[in-house]
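# Report on the structure
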Amino acid sequence: MTGKIHSFESFGAADGPGVRFVVFMHGCPLRCVYCHNPDTWANASCAAETTAEEALSRALRYRDYWGEKGGITLSGGEPMMQAGFAAELFELAHAEGVTTCLDTAAGPFRRGDRRIERLLAATDTVLLDLKAFNRELHRKVTGADNTRILDCARYLSEKGVPVWIRRVLVPGLTDGEEDLSKTGEFIRSLGNVERVEVLPYHDMGAEKWRALGLEYQLNGVPPPDENAVTRAKELLGV
Ligand code: SF4
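Predicted, not measured: the structure shown is a model, and the values here were computed from it.

Criteria and thresholds
- Residues numbered from 1 in each chain as written.
- Predicted model: local features only at pLDDT ≥ 70, side-chain atom pairs only at ≥ 80, totals over all residues.
- Heavy atoms only, no water.
- Near = heavy atom within 4 Å.
- 1 Å grid on protein atoms, 1.4 Å probe; cavity = no way out; pocket = protein on both sides within 12 Å on 5 of 7 lines; lining within 4 Å.
- Sits in = over half its atoms within 2 Å of the grid points.
- Nonpolar A, V, L, I, M, F, W, Y, C, P; charged D, E, K, R; others polar.
- Axes fitted to C-alpha atoms, helices over the stretch in contact; angles between N-to-C directions.
- Helix = DSSP H or I, 4+ residues; strand = E, 2+ residues; numbered from the N terminus.
- Parallel < 35°, antiparallel > 145°, perpendicular 65-115°, else oblique.
- Contact = heavy atoms within 4.5 Å.
- Buried < 20%, exposed > 50% of the residue type's maximum accessible area, 1.4 Å probe, protein only.
- Arc of directions from axis to C-beta.
- Polar contact = N/O pair within 3.5 Å; in protein donor to acceptor, adjacent residues only side chain to side chain.
- Salt bridge = Lys/Arg side-chain N within 4 Å of Asp/Glu carboxyl O.
- Phe/Tyr/Trp six-rings, centres within 6.5 Å; stacked < 30°, edge-to-face > 60°.

### Some points on the site of the ligand
In the region of the ligand, the neighbouring residues are C28, L30, R31, C32, C35, W41, G77, A105 and K131. When atoms are counted within 2 Å of each cavity's grid points, the one that captures over half of the ligand is the largest pocket. In the shell around the ligand, the residues fall into six nonpolar, one polar and two charged.

In structure tokens form, the structure reads like this:
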């Protein structure tokens, strides 16, 4: 099976445990207003297609740098959009003793989807974005409902898959006290969360939006200050 690949990062330091080889994949069903990678959204017909064996062999060139914790991360875009390829790559990685990490917002998740359940069974750590708890706020931030995303978090808890939760903090949008508190309550109801990270918003993706002829809606929004980040961490229970 082949996957549509956007790009590779040889030494990812913020993409899961340890140093990781990161595969950025094409396609995403969400449209987050702060997305850094809008160039990955389309399931591009002209994207490079790579087999799982080729992707693994490319990653293994960097194995000496991984230590005990490092390995391969699939990111995007949304790697769950190509769950069959992703599952195959992770199973091949496990056969080589390589750890696997999935960076996902879980937009495509559905219980009973065999390809997605196979992918999650082959994943050692999930980096799960919880962009907002309130359904309407989530729709405003991403263009989509979060029912399946929250269900994915519950599913991973039931299966005991280790999860790092991530929340992008955008002043005036995702920094409301009530939504952060509810997100924190939800996180505490799960039994598998190893880490909660607050990612301060920055507009580094804005240039890509302009280059693609898209209207960037967060022009002029500053990054959150240190106090806001500390408060968000407290409310999320970090
Ligand atoms: S889920 Fe990730 S790739 Fe998709 S739109 Fe949101 S930030 Fe961008």
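### Overview of the packing of helix α6 (residues 177-188) against helix α8 (residues 226-236)
The N-to-C vectors of α6 and α8 enclose an angle of 40°; their axes lie 7 Å apart at closest approach. Between α6 and α8, the angle is such that the two are oblique. Residues E177, L180, S181, T183, G184, I187 and R188 of α6 pack against R231, A232, L235 and L236 of α8. Residue composition of the contact of α6 with α8, by class: five nonpolar, three polar and three charged.

### Structural notes on helix α1 (residues 52-60)
Within an α-helix, residues lying three or four positions from one another point in the same direction, as the helix has 3.6 residues per turn. Burial in α1 covers these residues: A52, A55, L56 and A59. When α1 is viewed along its axis, its buried side chains cluster within an angular range of 95° and face the same direction. The inward-facing, buried residues of α1 abut β2 (20-25), β3 (48-51), β4 (71-75) and α2 (83-95).

### Looking at the side chain of T104
Considering the arrangement of structural elements, one finds T104 in strand β5 (residues 99-104). The class for T104 is buried, based on a relative accessible area of 1%. At 2.7 Å, the side chain of T104 and the side chain of E78 are in polar contact.

### Observations concerning the pattern of salt bridges
Enumeration over the complete set of coordinates arrives at 18 salt bridges. Of the charged contacts in the structure, one is a salt bridge between R154 and D151, with a shortest N-O distance of 3.9 Å. Note that R154 and D151 are positioned in helix α5 (residues 147-159) at a spacing of three residues, about one turn of the helix. Among the residues examined, R154 registers a relative accessible area of 37% and is labelled partly exposed. Note that R195 is salt-bridged to E197, the shortest N-O span being 3.3 Å. Judged by relative accessible area, which is 17%, E197 ranks as buried. Through salt bridges that share partners, D103, D129, K131, R166, R195 and E197 make up one connected network.

### Things to note about the packing of aromatic side chains
Tallied over the entire structure, the rule returns eight aromatic pairs. Plain terms: the ring middles of F11 and Y62 are 5.5 Å apart, the flat faces sit at 85° to each other, and that makes the pair edge-to-face. Residue F11 is located in strand β1 (residues 2-12), and its partner Y62 is located in the loop between α1 and β4; the two are separated by 51 residues in the primary sequence. Here F133 and F186 contribute two aromatic rings whose centre-to-centre distance is 5.7 Å and whose plane-to-plane angle is 45°, an arrangement assigned as tilted. With F133 in the loop between β6 (125-129) and α4 (135-142) and F186 in helix α6, this residue pair connects regions lying 53 residues apart in the sequence. Accessibility expressed as a relative area gives 24% for F133, which makes it partly exposed. The exposure class of F186 is buried, given its relative accessible area of 7%.

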